[in-house]
Amino acid sequence: MSGHGRDGDHWRGHRWNKHRLPPRQAGAEGCHTTGEVRVDSRLHLARSRPHHNLPRYCQLEENTLLQILMGLYTASDGHVDPYSLTQAIAKGARKYGALIFQGLGVTTLNLREDGRWVVSTTEGDILANRVVNAAGFWAKEIAKLAGSDLPLVPNHHQYLVTSTVPEVKALKREIPVLRHLEGSFYLRMERDGLLIGPYESTHTMRQCEDWMWNGVPEGFGKELFEPDMDRLEPHLEIAMQLVPCFADASIQSVVNGPITYTPDVLPLVGPDMLPNMWLAAGFGYGIIHGGGMGSYLASWIINGQPPFEMTECDPLRFGSWTTNDYVLAKARESYGMNNAVTYPHEERFAGRPTSRVSGAHEVLESEGACMQIHSGWEQPAWFTSPGQQPQYCPSFQRTNWHEAVEKEVDLVMTSAGIIDLTPFAKIIVQGRQAAAFMDYMTANSVPPLGRTVITHILSPTGHVYAELTVTRTHEDTFLVITGSGVELHDLRWLQDYARRGNWNVSFANITEDMGCLSVAGPKSKDILSTLSPVFNGKFPFFSCKEVLETSELWR
């Protein structure tokens, strides 16, 4: 479901919302379930069944259609007027007691010791149990008022609307939304005319870069930017070839406004690291996420746990390594590649490398490592053979890394191999009540000194929230290892429970301060024994030892 041409992949939450609102309240007058057709001439896939009447019905040019190798039709998709839907939801919210204040500026946000927020506005203070930052392109400004920051930047997005097109006016019913992936645009009916919205290339698109550094201009609200038709020309030419009646249409208006992007185009939905601060920001595709994400967030707030895991949209998937320069580069890349072909094990290279490189990074590169990125970290995906260049060659078939990985697997199975696991998140839990706290928070028994366990954090209803590797390094100190993709996700949960339970524990995130190398294979003990005699003796599974080697402490 799209608003003004927003992508329809994630609209199901809106449909869920629409079906649970009374018809008038659902904004039915602004909802058009027309279906959607995605076409592409780049992929050699099966054609649609022959003799269908889609070309004539959608005003597609017959000869151009012969170049289309695939069409994907989604019957339940369509588009919705964002204004009508927003007004309908607001009406329903007021009915159940919500108060909506428009034109009210927020000046400061102050966290109290009891975890509540004082929201200072131009009309006075509001004491809030929790704050949800859903401020659109103002979300970064609101976060800064609370002493935080968000990886957001508004991109310029343009679409145009034609005047009445006779061929369109003559249609008996509304055509499906058309998305031409190679041309990188969407097209649909707008009354008796057409609406076309291109996604520009990474080279031509524009960003509100000055907003990143200086903030949103004071007073900016519903204003628009000057249109730039020259940037749209390549996309419009393809649209004219596909839909000939568009070539003779008069342009009635061009809209150029800001849409807020995260580096990976997915929104920030969930709790922030600050107590009782929630986020619903960075919705690059607009209104389509509203119903589903609103329901997800409300369920988490009410029940104290997410209804399902959605770490790909967790606000804390980004961290201090996500600089403004990185956000600008990745948001440009994500927008420009909106309709690009996506390959298995895809890598995108804008903004890389970040500050997250391990101490072994240069050594690994010199050994022929082909790097991949995960949670900001550069880590080897595979190693080249002698004489081979580390080159990224995406494919739907077997590609250049297959034989190299096969050799690596054989080497580790018969001899030994070293892997850089520095990206794994590493958290120190320490304090007088550390053992009791870890016993309360995790499902497995707390390990004795020098031992390790694999355990789980469970939600209030017994669902698995996180998997941890916990090592007891001292009586009152634990080293907690978790996945690199959930570093702050898991730390947030631990800190939140410690704060609410008034536990006497402290946390230190040492992920970027401690490296991690794993030696695996049947000859791994022999290799480690050359480093220290400690490894010559018994070293049971799930045990931990500290080794002082050349003035460096190893665990």
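Residues numbered from 1 in each chain as written. Predicted model: local features only at pLDDT ≥ 70, side-chain atom pairs only at ≥ 80, totals over all residues. Heavy atoms only, no water.

Student: Just give me the short version of the overall build of the protein, but keep the residues and values in it.
Tutor: Tallying secondary structure elements over the protein gives 16 helices and 26 strands in all. Of all 555 residues assigned to the protein, the portion counted as buried reaches 46%. Nonlocal contacts in the protein, meaning residues at least 24 apart in sequence, comprise 68% of its contacts between residues at least 6 apart. Just so you have it, the protein exposes about 28800 Å², and 54% of that area is on carbon and sulfur atoms. (Helix = DSSP H or I, 4+ residues; strand = E, 2+ residues; numbered from the N terminus. Buried < 20%, exposed > 50% of the residue type's maximum accessible area, 1.4 Å probe, protein only. Contact = heavy atoms within 4.5 Å. Areas by Shrake-Rupley, 256 points an atom, 1.4 Å probe, with all protein chains shown as cover.)

Student: Summarise the nonpolar core; cite the residues concerned and give the values.
Tutor: In this structure, Val429, Phe437, Met438, Ile457, Val470 and Val480 are the most contacted members of the largest nonpolar core, which totals 31 residues. Mapped by element, the contributors of at least two residues to this core are strand S15 (277-281), helix H10 (290-303), strand S19 (425-430), helix H14 (434-441), strand S20 (452-458), strand S21 (464-474), strand S22 (477-482) and helix H15 (487-500). The biggest single contributor to this core is H15, with six residues. In contact with Val480, not counting residues within four places along its chain, are Ala425, Lys426, Ile427, Val429, Met438, Leu468, Thr469 and Val470. (Core = buried A, V, L, I, M, F, W, Y, C linked by side-chain atoms within 4.5 Å.)

Student: Account for unusual backbone geometry, naming residues and giving values.
Tutor: The omega angle of the peptide bond from Arg352 to Pro353 is -5°, so this bond is cis rather than trans. Relative to the helices and strands, Pro353 is located in the loop between helix H11 (324-336) and helix H12 (361-366). For Arg191, which is not glycine, the phi dihedral falls at a positive 55°. Taking relative accessible area as the criterion, Arg191 reaches 70% and is therefore assigned exposed. In this model, Asn276 sits at a positive phi of 55°, which is unusual for a non-glycine residue. By secondary structure assignment, the location of Asn276 is in the loop between strand S14 (268-271) and S15.

Student: Quick rundown of the sheet that holds strand S8 (residues 131-133)? Include the residues and the values.
Tutor: The mixed open sheet is built from three strands, whose spatial order is S8-S15-S14. At either end of the open sheet lies a strand with only one pairing partner, and these are S8 and S14. On average, each strand axis in the sheet is inclined to that of its neighbour by 20°, with strand direction left out of account. Bridge count for S14 against S15 is four bridges, and the pairing is antiparallel. Along S15, the bridge assignment pairs Val269 with Ala280. Lying over the sheet, H10 contacts S8, S14 and S15, oriented at roughly 10° with respect to S14. (Pairing = 2+ DSSP bridges. Axes fitted to C-alpha atoms, helices over the stretch in contact; angles between N-to-C directions.)

Student: Describe the side chain of Thr482, with residues and values.
Tutor: By the element assignment, Thr482 lies in strand S22. Assessed through its relative accessible area of 3%, Thr482 is described here as buried. Here the side chain of Thr482 touches Asp490 through a polar contact of 2.5 Å, side chain to side chain. With residues up to four places along the chain from it excluded, the contact list for Thr482 reads Phe424, Ala425, Glu467, Leu468, Glu487 and Asp490. (Polar contact = N/O pair within 3.5 Å; in protein donor to acceptor, adjacent residues only side chain to side chain.)

Student: Outline the pattern of salt bridges, supporting the account with residue identities and numerical values.
Tutor: Pairing between side chains becomes possible if they bear opposite charge and their charged atoms approach one another. What the rule picks out here adds up to 20 salt bridges. Two residues, Glu378 and Arg352, come together in a salt bridge whose shortest N-O distance is 2.8 Å. Taken together, the residues Glu378 in strand S17 (residues 377-383) and Arg352 in the loop between H11 and H12 connect sequence positions 26 residues apart. What makes Glu378 buried here is its relative accessible area of 7%. Between Arg356 and Glu512 there is a salt bridge; the shortest N-O distance is 2.7 Å. Taken together, the residues span a long stretch of sequence, with Arg356 in the loop between H11 and H12 and Glu512 in the loop between strand S23 (506-509) and strand S24 (517-520) at a distance of 156 residues. Because the salt bridges share partners, they merge into one network encompassing Glu36, Arg38 and Arg179. (Salt bridge = Lys/Arg side-chain N within 4 Å of Asp/Glu carboxyl O.)

Student: Break down the packing of aromatic side chains for me, citing the residues and quoting the values.
Tutor: Summed over all chains, the structure comprises 23 aromatic pairs. Note on Tyr296 and Phe308: the rings are 5.1 Å apart at their centroids and 50° apart in plane angle, and the pair reads as tilted. Placement of the pair is Tyr296 in helix H10 and Phe308 in the loop between H10 and H11, with a sequence separation of twelve residues. Using a relative accessible area of 48% as the deciding quantity, one classes Phe308 as partly exposed. (Phe/Tyr/Trp six-rings, centres within 6.5 Å; stacked < 30°, edge-to-face > 60°.)

Student: Tell me what's going on with H14, and back it up with residues and numbers.
Tutor: Of the positions making up H14, those classed as buried are Ala434, Phe437, Met438 and Met441. Along H14, the residues classed as buried sweep out an arc of 95° about the axis, all on the same side. Tucked inside the fold, the buried residues of H14 contact S19, S20, S21, S22, H15 and S23. (Arc of directions from axis to C-beta.)

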